[in-house]
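Analysis of the macromolecular model
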Amino acid sequence: MTTPPEEGEAVTGGEAVVRALASHGVTDAFGIPGTHNLEIYRHLRAYGVRHVTPRHEQGAGYAADAYARVSGRPGVAITTTGPALLNIAAAVGQAHSDSVPLLVVSPGMPLRHPRQSTGLLHEMRSQTEALRGVAAFSHRVSSVEEIGSAVARAFTLFRTGRPRPVHVEVPLDLLETVEPAGPVRRAPLAGPPAPDPAAVGRAAEVLRAARRPALVLGGGARAAAAECAALAEELGAPVVTTANGKGVVDERHPLSLGVSLHSPAVQKWLVDRDVVLAVGTELAESDIWGPPPALTGTLIRVDVDPAQMYAGLPADVPLVGDARVLLGALLSGCRGGTGDVPSDPGDIPSEPGGPSKPDDVPADPVGVRALRAARDDETRTRDARWLPYLRAVRRVLAEDAVLTSDSAQCCYYGALPHLPLGPEGRYLHPTGFGTLGYALPAAIGAKTACPERQVVALSGDGGLQFSVQELATAAQLRLPLPVVVFDNGGYGEIREEMAARGDTPLAVDLPAVDLPALARAYGGRGAVVRSSEELADALARALTAPGPTVLTVPEVSDVPEESPR
């Protein structure tokens, strides 16, 4: 590693970028070098920043997104100008939808570039305007010294509020310009806003009086997993989660309804609750797969984002702040304590030994088992095709495994509700924005962040081909990465929607592709598996094989037979 420049020492803009990243603890970046960003790449190795090169900028964005989700550290992606930046825009939009701290750094047109087009390479009217539409902000710097401030501004957002993606643009002439970089600018060690003690007391009072409480948990509850479980047990409250909240409370817990907000039976049940505590969730259409239910009880919302208190379903009792701190205070209040907000998250009260284990809870509290059965009856015929395979996946994987998901039927109908996870594991799904092609590059990012954990990508044949070239990336890195693909011969969801409208399906049936052979062409492995037992055996081998292994599960009869390995 290089010795950081002294305060006032002149450096290039490219070095100032890497210095700013390293000063915030960045050790990994994803991206593709190009003509205009070479001065950034020149300094990565010297500052100890490891680089992963996906085969497309969208893949770089999805990989950095997943890196952030599983590591808890912001993901960083580096692109060049113009088309490269637009390539990553879909990933930025997905990160914005799922509240992921993603920093995209790119060059831009020169400082004094004229408004009139000159035909400069990768020229576009305004990169910052394009990225402002999908990011929290796009910051174009005007000096080498400002680079440090722009990066610190991004990390301040990541640390102090609802995390969102950010774009920092450095004019390409500044990247090569040697100027004093100024002092190292670091984001302050500030936390989320302090909660209102009166509101916490009111919420604890409402919860203590509840006769039919429920917990709805989103991705914002993840850091408070232990508090969520303990509060659910204290209240005897069933727990339902969004896709991003999957596994916050162990889905095998007697109080867990899993990812079930889309179920009519669960929605009807939720409407009948006298108190609903929603933690770190938008309660959005993409979570519920329809309009939000008209709740009849009191809605308590816990969120770091004040705007969520009146967005969608407005809160009757709003609690703005850190979920772990707030839930710790609510737990204390419900146990007969004062409900005071701890001054430090480490002061959160708990019973000796922590929250009780699932085995300490009655086998079927408040009819959860019957509600689960009603939920599953709604989709039993549709979902039956995936269940044996998902049970095989669960049987093989470790508790802390990471699964990455695509916008595919096998994922949102299959794995989200039917593959149980606990808080040790993670399930990364592109909700809201609903991009295709997320699973494979996201798995690469997750494995980069946590090489010791098992990582498996779940996809459909249509979605996989949006980013199938990233098999080459996984092969180059020799990542043991199973990619389980349920092949329904095209875009199955859209095919079914067309048929439901009475339309003749059009442009949704894709010619069969020998995906295992394609994996081998990229330097990996592959096989067609036709039973859950075959999948379990192949998956176990793939978890230790160097490089990606594509395991195709046919849902149509014309999937090519396995060719020789």
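Residues numbered from 1 in each chain as written. Predicted model: local features only at pLDDT ≥ 70, side-chain atom pairs only at ≥ 80, totals over all residues. Heavy atoms only, no water.

Spatial ordering of the open sheet is given by β11-β10-β9-β12-β13-β14, a layout of 6 strands whose pairing is parallel. Two strands in the sheet have a free side with no partner beyond their single neighbour: β11 (256-259) and β14 (317-320). Shown here is a sheet whose adjacent strand axes are inclined to one another by a mean of 15°, direction ignored. Inspection of the sheet shows strand β9 (residues 213-217) paired to strand β12 (residues 275-279) by 5 bridges, in the parallel sense. Note on β12: the bridge partner recorded for Val 216 is Ala 278. The strands touched by helix α12 (residues 323-334) are β12, β13 (298-303) and β14; relative to β12, the strand with the most contacts, the crossing angle is about 150°. (Pairing = 2+ DSSP bridges. Helix = DSSP H or I, 4+ residues; strand = E, 2+ residues; numbered from the N terminus. Axes fitted to C-alpha atoms, helices over the stretch in contact; angles between N-to-C directions. Contact = heavy atoms within 4.5 Å.)

If you walk through the whole model with that rule in mind, you get 3 cavities of 30 Å³ or more. What lines the largest cavity is a set of 10 residues, and nearest its centre among them are Asp 461, Asp 487, Pro 511, Ala 512 and Val 513. Quantified by volume, the second largest cavity comes out at close to 50 Å³. Lining the second largest cavity are Val 216, Leu 261, Gln 267, Leu 270, Val 276, Leu 283, Ile 288, Pro 293, Leu 295 and Leu 313. (1 Å grid on protein atoms, 1.4 Å probe; cavity = no way out; pocket = protein on both sides within 12 Å on 5 of 7 lines; lining within 4 Å. Points joined across faces, edges and corners; volume = space filled by probe spheres on them.)

Further remarks concern the sheet that holds strand β19 (residues 525-528). Spatially, the 6 strands line up as an open sheet ordered β16-β15-β17-β18-β20-β19, and their pairing is parallel. Two strands bound the open sheet, and with one partner strand each, they are β16 (426-428) and β19. Each strand of the sheet is rotated relative to its neighbour by a mean of 15°, with strand direction disregarded. With 7 bridges joining them, strand β18 (residues 481-487) and strand β20 (residues 548-554) adopt parallel strand pairing. Residue pairing for β20: Val 484 is matched across the bridge by Leu 551. The sheet contacts of helix α16 (residues 409-418) involve β16, β17 (455-460) and β18, and relative to β17 the element is tilted by about 135°.

Further remarks concern the confidence of the model for the protein chain. For any part of a model where pLDDT is low, the fine detail of the predicted coordinates should not be relied upon. For the protein chain, mean pLDDT is 91; residues scoring 70 or higher make up 91% of the total. Below a pLDDT of 50 lies the segment residues 342-358, which in the model reaches 26 contacts outside its immediate sequence neighbourhood of four places, other chains included. (pLDDT = per-residue confidence, 0-100.)

Now for the layout of surface pockets. Here the largest pocket defines a volume of roughly 1,300 Å³. A class-by-class count of the residues in the lining of the largest pocket yields 17 nonpolar, 20 polar and 13 charged. Those elements giving two or more residues to the lining of the second largest pocket turn out to be α11 (285-288), α16, α18 (461-464) and α20 (492-500). Of the residues forming the lining of the second largest pocket, the biggest block, 5 residues, is contributed by α16. Residues of the lining of the second largest pocket, tallied by class, amount to 15 nonpolar, 17 polar and 6 charged. (Nonpolar A, V, L, I, M, F, W, Y, C, P; charged D, E, K, R; others polar.)

Summarising burial for β9: 5 of the 5 residues are buried, a large majority. Burial along β9 is two-sided: the face carrying Pro 213, Leu 215 and Leu 217 and the face carrying Ala 214 and Val 216 are both buried. Pairing analysis gives 3 bridges linking β9 to strand β10 (residues 239-241), with the strands arranged parallel. Directly across from Leu 217, in β10, lies its bridge partner Thr 241. Once the chain exits β9 it traverses helix α9 (residues 225-235) before rejoining the sheet at β10, and the crossover so formed is right-handed. (Buried < 20%, exposed > 50% of the residue type's maximum accessible area, 1.4 Å probe, protein only. Right-handed = clockwise from strand over helix to strand, strands pointing away.)

For the coordinates displayed, the defined rule picks out 25 salt bridges. In this structure, the salt-bridge partner of Arg 69 is Asp 98, at a minimum N-O distance of 2.8 Å. Here Arg 69 is found in helix α3 (residues 57-71), whereas its partner Asp 98 is found in the loop between α4 (83-97) and β5 (102-108), with 29 residues between them in sequence. The pair formed by Arg 69 and Asp 98 is uniform in burial state, with each residue classed as buried. Here Arg 132 makes a salt bridge to Glu 129, at a shortest N to O gap of 2.3 Å. Taken together, the residues span about one helical turn, with Arg 132 and Glu 129 both in helix α5 (residues 127-132) at a distance of 3 residues. Ionic contacts of the salt-bridge type, sharing partners, join the residues Asp 250, Arg 252, Arg 394 and Glu 399 into one network. (Salt bridge = Lys/Arg side-chain N within 4 Å of Asp/Glu carboxyl O.)

Time to look at the environment of Pro 107. Among the secondary structure elements, Pro 107 is positioned in strand β5. Classification of Pro 107 as buried rests on a relative accessible area of 0%. Taking the C-alpha atoms as reference points, Pro 107 and Arg 372, separated by 265 residues in sequence, lie 52 Å from one another. In contact with Pro 107, other than residues within four places in its own chain, are His 36, Asn 37, Thr 79, Thr 80, Thr 81, Gln 127, Glu 169, Val 170, Leu 172 and Leu 175.

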